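# Residue-level structural notes
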Amino acid sequence: MKRDFLSVLDFTQDEIMETFETAQSMKANIPQHLNDLRGKAMALIFEKPSLRTRTTFDIGIQQLGGFSLYLSPAEISLGKRESVYDVAKNLERMVQGIMIRTFGHQIVVDMANYANVPIINGLTDYSHPCQAMADFLTILEVKKSFNGLKLTYVGDGNNVAHSLMFAGARLGVNVTIGCPKGYEPKPEAVKDANEAAKETGARIIVENDPFTAVKNADIVYTDVWASMGQEDEAAERRKIFLPFQVNEELMGAAKDDAIFMHCLPAHRGDEVTDGVIDAPYSVVFQEAENRLHVQKAIMYKLLK
Ligand code: CP
Ligand code: NVA
């Protein structure tokens, strides 16, 4: 049975930890893994822009001996030029795996149902699982263990927030989302996270005061206030989200040894100040690097 990676919750806790072990080996010794996916082809479908996701999937598959094909927003037009079903039925005959970055989450679910090759979610409006995997690998590298940790995500209850809740729930990390009223994570995401958290005891909390949310946090995380596709709302959101800016004062409310995380791209001066993102406790570029290694491990698990 082929496996897909549409959500962090598609992997068990053990599978996530195994994936991290593989990623760490792949990170430590690139030459040793040059034949792991020899000759395998990945199609990379992008309906939104990208720096990290495109680069890390492209370089990642090559570091495992495979190759990739970038399909830009102008090329495929999923569901417009051609149906999602027909795209799936064509590509499954040509490649061994497909990564998709798109808008509606149902598109990746449909692709996974139609295609007989693994589908990897490279970001939808609903979730960004590869990002959360890289983030929790980074947390493990820095904090050495997940035991007793509290991650506070400050800002919009968006795709990144959803995937962080799912990862925290699976791995036993308490996750608090601090967001303005009306910008909470989707109720079904909170429900799914709470369901998964029953197995690990993780606490998932949604809070509307940024300082209360950040109290005792080991990790403070933020993301842009207007995601891709919400550009028209940017000016209005800037006013609403300003009290949720991660600046030195807000970081001061977290634990003394708290780290700062951001999926990037960052809008410096909006959701985060230069003083925070450039501080020694900021691990944002380590997160970006770990996209490469954790995605290699995910591709290996699904395509080998
Ligand atoms: N964090 C992330 O997914 O970056 P890109 O949008 O540049 O791929
Ligand atoms: N929430 C952001 C994440 C970008 C990596 C977006 O969807 O645009």
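Look a little higher up for the structure.
Notes on the structure in this doc start here. Keep in mind that what you see is a predicted model, and the values were worked out from it rather than measured.

Thresholds, definitions, all that
- Residues numbered from 1 in each chain as written.
- Chains lettered and ligands numbered in written order.
- Predicted model: local features only at pLDDT ≥ 70, side-chain atom pairs only at ≥ 80, totals over all residues.
- Heavy atoms only, no water.
- Helix = DSSP H or I, 4+ residues; strand = E, 2+ residues; numbered from the N terminus.
- Rg over C-alpha atoms; globule rule 2.2 N^0.38 Å.
- Areas by Shrake-Rupley, 256 points an atom, 1.4 Å probe, with all protein chains shown as cover.
- Phe/Tyr/Trp six-rings, centres within 6.5 Å; stacked < 30°, edge-to-face > 60°.
- Buried < 20%, exposed > 50% of the residue type's maximum accessible area, 1.4 Å probe, protein only.
- Near = heavy atom within 4 Å.
- Polar contact = N/O pair within 3.5 Å; in protein donor to acceptor, adjacent residues only side chain to side chain.
- Nonpolar A, V, L, I, M, F, W, Y, C, P; charged D, E, K, R; others polar.
- Salt bridge = Lys/Arg side-chain N within 4 Å of Asp/Glu carboxyl O.
- Pairing = 2+ DSSP bridges.
- Axes fitted to C-alpha atoms, helices over the stretch in contact; angles between N-to-C directions.
- Contact = heavy atoms within 4.5 Å.
- Core = buried A, V, L, I, M, F, W, Y, C linked by side-chain atoms within 4.5 Å.

### Topic: the overall build of the chain
Helix and strand content of the chain: 13 helices and 9 strands. Since a compact globule built from 304 residues should have a radius of gyration of about 19 Å, the 19 Å found for the chain is in line with a globular shape. Seen through its principal axes, the chain has C-alpha atoms that stretch 55 × 40 × 35 Å. Accessible area of the chain: about 12800 Å², with a carbon and sulfur share of 50%.

### Some thoughts on the packing of aromatic side chains
Here the distance between the centres and the angle between the planes together describe a pair of aromatic rings. In total, this model carries 9 aromatic pairs according to the counting rule given. Aromatic side chains Phe5 and Phe11 sit 4.7 Å apart centroid to centroid with 45 degrees between the ring planes, which places their arrangement in the tilted category. Assessed through its relative accessible area of 0%, Phe5 is described here as buried. We classify Phe11 as buried; its relative accessible area is 0%. Aromatic side chains Tyr126 and Phe166 sit 6.5 Å apart centroid to centroid with 50 degrees between the ring planes, which places their arrangement in the tilted category.

### Side note on the site of ligand 1
Around ligand 1 lies a shell formed by Ser50, Leu51, Arg52, Thr53, Arg101, His128, Gln131, Cys263, Leu264 and Arg291. In this structure, Arg52 approaches ligand 1 through a side-chain N or O atom, which is 2.8 Å from an oxygen atom. Taking Cys263, its main chain carries an N or O atom lying 2.9 Å from a nitrogen atom of ligand 1. Its free accessible area being 260 Å², ligand 1 has 96% of it covered by the protein chains. Residue composition of the shell around ligand 1, by class: 3 nonpolar, 4 polar and 3 charged.

### Some details on the pattern of salt bridges
Scanning the model with the defined rule gives 14 salt bridges in all. Between Arg268 and Asp274 there is a salt bridge, with its nearest N and O atoms 2.8 Å apart. The partner of Asp278 in a salt bridge is Arg268, and the shortest N-O contact between them spans 2.9 Å. Of this pair, Asp278 sits in the loop between helix H12 (274-277) and helix H13 (284-303) while Arg268 sits in the loop between strand E9 (259-262) and H12, and the two are 10 residues apart along the sequence. Under the relative-accessibility criterion, Asp278 is labelled partly exposed at 49%. Counted as one network, the salt bridges with shared partners bring together Arg3, Glu15 and Lys301.

### Focus: the sheet that holds strand E5 (residues 150-154)
Two modes of strand pairing occur in sheets, parallel and antiparallel, and in both the strands are linked by backbone hydrogen bonds. The sheet built from 5 strands is open, its strands ordered E7-E6-E5-E8-E9 with parallel pairing. Edge positions in the open sheet fall to strand E7 (204-207) and E9, since each of these has one partner strand only. The average undirected angle you get between the axes of adjacent strands in this sheet is 20 degrees. Most of the contacts of helix H6 (residues 129-143) go to E9, to which it runs at about 165 degrees, and overall it touches E5, strand E8 (219-222) and E9.

### Focus on the nonpolar core
What tends to happen in soluble globular proteins is that the nonpolar side chains get buried as a cluster. Core analysis: the largest hydrophobic core is formed by 60 residues, its most contacted members being Phe20, Met42, Ile120, Phe136, Phe146 and Leu151. Once residues lying within four places of it in the same chain are set aside, the contact partners of Ile120 are Phe5, Met42, Phe57, Ile98, Met99, Ile100, Cys130, Ile298, Met299 and Leu302. Counting residues in each nonpolar core, the second largest holds 20 residues, with Ile45, Met111, Val117 and Ile119 among its members.

### Points about the sheet that holds strand E3 (residues 97-101)
Strand order in the open sheet formed by 4 strands is E2-E1-E3-E4, and the pairing between neighbours is parallel. Here the strands that pair on one side only, and so sit at the sheet edges, are strand E2 (67-71) and strand E4 (119-121). Taking each pair of neighbouring strands and ignoring which way they run, the sheet shows an average axis angle of 20 degrees. Relative to E4, E3 runs parallel, the two being bridged by 3 bridges. Each residue of the ladder has a partner; that of Ile100, found in E4, is Asn121. Of the strands in this sheet, strand E1 (41-46), E3 and E4 are in contact with helix H5 (residues 105-114), which crosses E4 at around 165 degrees.

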